[in-house]
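Secondary and tertiary structure notes
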Amino acid sequence: MESFGARLHRAVAERGPLCVGIDPHPGLLARWGLSDDVEGLERFSRTVVEALGDQVAVVKPQSAFFERFGSRGVGILESTIRQLRNSGALVLLDVKRGDIGSTVAAYASAYLDPSSPLYVDAVTASPYLGVGSLAPMFELAAANGGGVFVLALTSNPEGASVQRAVAADGRTVAQTVIDEISQLNLGAEPLGSFGLVVGATIGGTGHDLSAVHGPLLAPGLGAQGATAADLRTVFGSAVPSVLPSYSREVLHAGPDVAALRAAAERVLGECRAALAGA
Ligand SMILES: O=C(O)c1cc(=O)[nH]c(=O)n1[C@@H]1O[C@H](COP(=O)(O)O)[C@@H](O)[C@H]1O
C-alpha cells in the first residue's frame, strides 16, 4: 500500500498545506445554534464534512469531544471518519495516545488496522513513556500506509518544563524525540510517514528540525494566538514540511457551509504566503 507520507504529499500538492480540526466544544455547538448532545454533535460533524471534506488536505477530529458523549458519541466519530475518507480528505485522529508497548499495540490496532471501525490515516501519539514504546504504532502504520504524529514541542505553555528539560546527553527531551522520529523517516520518498507536533505558539527555540523529513503539524494558530507569520520563526528552514492546523479559527465561521469553506480558504492563503516567505 502507498505510504502515508506519499499520500499526504499528494494531498498537500492538490489541496494545499492545511489541516482543519473538528473540535465540537460546547461553546461552538451553542454558537452554531445546536444542542450540547449527540444530535448537536452529529449535525456539527456532518456540516464540517460537507463544507471541508472535499476542500482541505487533512481533517483532524479531536476524539475527546466525541468520547464525552459515550458510545453514541464514538459512533458519530466512526461515521464522521467514514464520511471524511469518502470525501477524499486524509483523516488524522487526535487521540494523543501513549502507554507501555503491549498496550500501544492495542491502540495501534484500534486506529491503524484497516479492519477497525475507527481506522484512520494517521493518529497523534504521546512519547512520554519513551519513543520506543510507540513502536507497535509505527510498525502497524508502516505496514498499512498509515502515519503517526508524535508530540515534540506542544503549543501549550505547560509543555516546556517537560519537553525542554535537558537529557543526560545535553539534548532537550524534545530534541531526542525529534531525532528518533527522524531516524524512522530515513530514505522515505517523497516524505516520511512519521510526523512531529510542534506548536506555532512556541517562538524560536533553537531545536533542529532539519533532518525530520516528515510532516510537521503546527497547531496553536488562531484561537491560541499564533499567526501564520509565526511559522517562519518557529520552523526556520523546515517550513516546507509544515502542515498548519486550525480548529476554532475556522469553525467559528460556521454553521454556514460557504462561510466555513471561505474561512479555510482564507487561512490557507495566509499560510501559503507565510510559508513562501511573501
Ligand atoms: O496534537 C494536536 O493537534 C495539538 C497539539 C498541541 O500541541 N496543541 C494543540 O492545540 N493540539 C490540538 O489542536 C487543536 C487546537 O485547537 P484550536 O486552538 O481551536 O485551533 C486542539 O484539538 C488541540 O487538542
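Rules used throughout
- Along each chain, residues carry numbers from 1 onward, in the same order as the chain's sequence is written.
- With pLDDT at 70 or above as the cut-off, local features in this predicted model cover only qualifying residues; side-chain atom pairs require 80 or more to be listed or tallied, and sums for whole chains, interfaces and linings still use all residues.
- The side-chain figures draw on all heavy atoms in the structure; neither hydrogens nor water molecules are used.
- The nearness test applies per residue and asks whether one of its heavy atoms lies within 4 Å of the molecule or strand.
- For this analysis, a polar contact is any N or O atom pair within 3.5 Å, provided that within protein one partner can donate a hydrogen and the other can accept it, and provided that sequence-adjacent residues contribute only side-chain to side-chain pairs.
- To measure how exposed things are, a 1.4 Å probe is used in the Shrake-Rupley method; for residues, cover is taken only from the protein chains shown.
- With a 1 Å grid spanning the protein atoms alone, the term cavity applies to any set of points in which a 1.4 Å probe fits but cannot get out, the term pocket to an open set with protein on both sides within 12 Å along at least five of seven lines, and the term lining residue to any residue with an atom within 4 Å of a point.
- Whether a molecule lies in a cavity or pocket depends on its atoms, and more than half of them have to be within 2 Å of the grid points.
- Nonpolar residues are Ala, Val, Leu, Ile, Met, Phe, Trp, Tyr, Cys and Pro. Charged residues are Asp, Glu, Lys and Arg, and all others, Gly as well, are polar.
- Among buried residues, those of type Ala, Val, Leu, Ile, Met, Phe, Trp, Tyr and Cys that are joined through side-chain atoms within 4.5 Å constitute a nonpolar core.
- Each residue is placed in one exposure class: buried if its accessible area under a 1.4 Å probe, protein chains only, is under 20% of its type's maximum, exposed if it is over 50%, and partly exposed if it falls in between.
- By the criteria applied, helices consist of DSSP H or I runs no shorter than four residues and strands consist of E runs no shorter than two, each listed in order from the N terminus.
- By definition in these notes, contact holds between two residues if any of their heavy atoms fall within 4.5 Å.
- Grid points are joined across faces, edges and corners, and a volume is the space filled by probe spheres set on the points.
- UniProt positions are given in the numbering used here, feature names are shortened, and annotations may be inferred rather than shown by experiment.
- pLDDT expresses, on a scale from 0 to 100, how confident the predictor is about each individual residue.
- Note on definitions: angles span 0 to 180 degrees between N-to-C directions of axes, and those axes are lines fitted to C-alpha atoms, for helices only across the stretch in contact.
- Note on terminology: angles under 35 degrees are roughly parallel, angles over 145 are roughly antiparallel, angles of 65 to 115 are roughly perpendicular, and the others are oblique.
- Each crossing gets its handedness from the near helix: less than a right angle anticlockwise from the far helix is left-handed, clockwise is right-handed.
- Salt bridge, as applied in this entry: a Lys or Arg side-chain nitrogen positioned within 4 Å of an Asp or Glu carboxyl oxygen.

Another point: the site of the ligand. Near the ligand lie 17 residues; those nearest to it are D23, K60, S155, Q224 and R248. Note that an oxygen atom of the ligand is positioned 3.1 Å from one of the side-chain N or O atoms of D94. Computed on the free molecule, the ligand has an accessible area of 510 Å², of which 90% lies beneath the protein chains in the complex. A molecule is said to occupy a pocket when more than half its atoms come within 2 Å of that pocket's grid points, and by this definition the ligand occupies the largest pocket. Classifying every residue of the shell around the ligand by side-chain character gives six nonpolar, six polar and five charged.

The subject of this paragraph is the nonpolar core. Among the nonpolar cores identified, the biggest contains 75 residues, and V123, V148, L196, L209, L231, F235 and V250 are the most heavily contacted of them. A per-element tally of this core places helix α12 (residues 257–275) first, with eight residues. Residue contacts for L196: discarding those within four places in its chain leaves F149, V150, A152, V177, I178, I181, L209, V212, P215, L216 and L217. Counting 15 residues, the second-largest nonpolar core is a separate cluster that includes C19, A57, L151 and V197.

Along the chain, the position of P240 falls in the loop between α10 (230–235) and β8 (242–246). For the pair formed by P240 and V166, sequence separation is 74 residues and the distance between their alpha carbons is 28 Å.

Bringing the layout of surface pockets into the picture now. Of the volumes computed, that of the largest pocket is approximately 470 Å³. Lining of the largest pocket is provided by 25 residues; of these, K60, K96, S155, P219 and Q224 occupy positions nearest its centre. For the lining of the largest pocket, the secondary structure elements donating two or more residues are α4 (63–67), β3 (90–97), β8 and α11 (248–251). For the lining of the largest pocket, a count of residues per class yields nine nonpolar, 10 polar and six charged. Each pocket or cavity is described by its volume, and for the second largest pocket that value is around 180 Å³.

Attention now moves to the UniProt feature "domain: Orotidine 5'-phosphate decarboxylase" (unreviewed entry) in the chain. According to UniProt, the "domain: Orotidine 5'-phosphate decarboxylase" (unreviewed entry) feature falls on residues 17–263. In the segment residues 17–263, helix accounts for 40% and strand for 16%; the C-alpha atoms at its two ends are 14 Å apart.

Let us look at the confidence of the model for the chain. Caution applies to low-pLDDT parts of the model: their predicted coordinates are not meant to be read in detail. Averaged over all residues, the pLDDT of the chain equals 97, while 99% of them reach at least 70. Across the interface, the model reports ipTM at 0.99; the global pTM reads 0.98.

Further remarks concern the packing of helix α3 (residues 38–52) against α12. For the pair α3 and α12, interaxial distance at closest approach is 9 Å and the crossing angle is 60 degrees. The orientation of α3 with respect to α12, classified from their angle, is oblique. When the axes of α3 and α12 are compared, the crossing they make is right-handed. Along the contact surface, α3 presents T47, E50, A51 and L52, while α12 presents V257, L260, R261 and A264. A class-by-class count of the residues in the contact of α3 with α12 yields five nonpolar, one polar and two charged.

Tallied over the full model, the rule gives 14 salt bridges. Ionic pairing is found between K60 and D94, a salt bridge with its closest N-O pair at 2.9 Å. Residue K60 is found in strand β2 (residues 58–61), and its partner D94 is found in strand β3; the two are separated by 34 residues along the sequence. Here K60 matches D94 in class, with each residue buried. Beyond isolated ion pairs, a larger network of salt bridges with shared partners links R7, R85 and D121.

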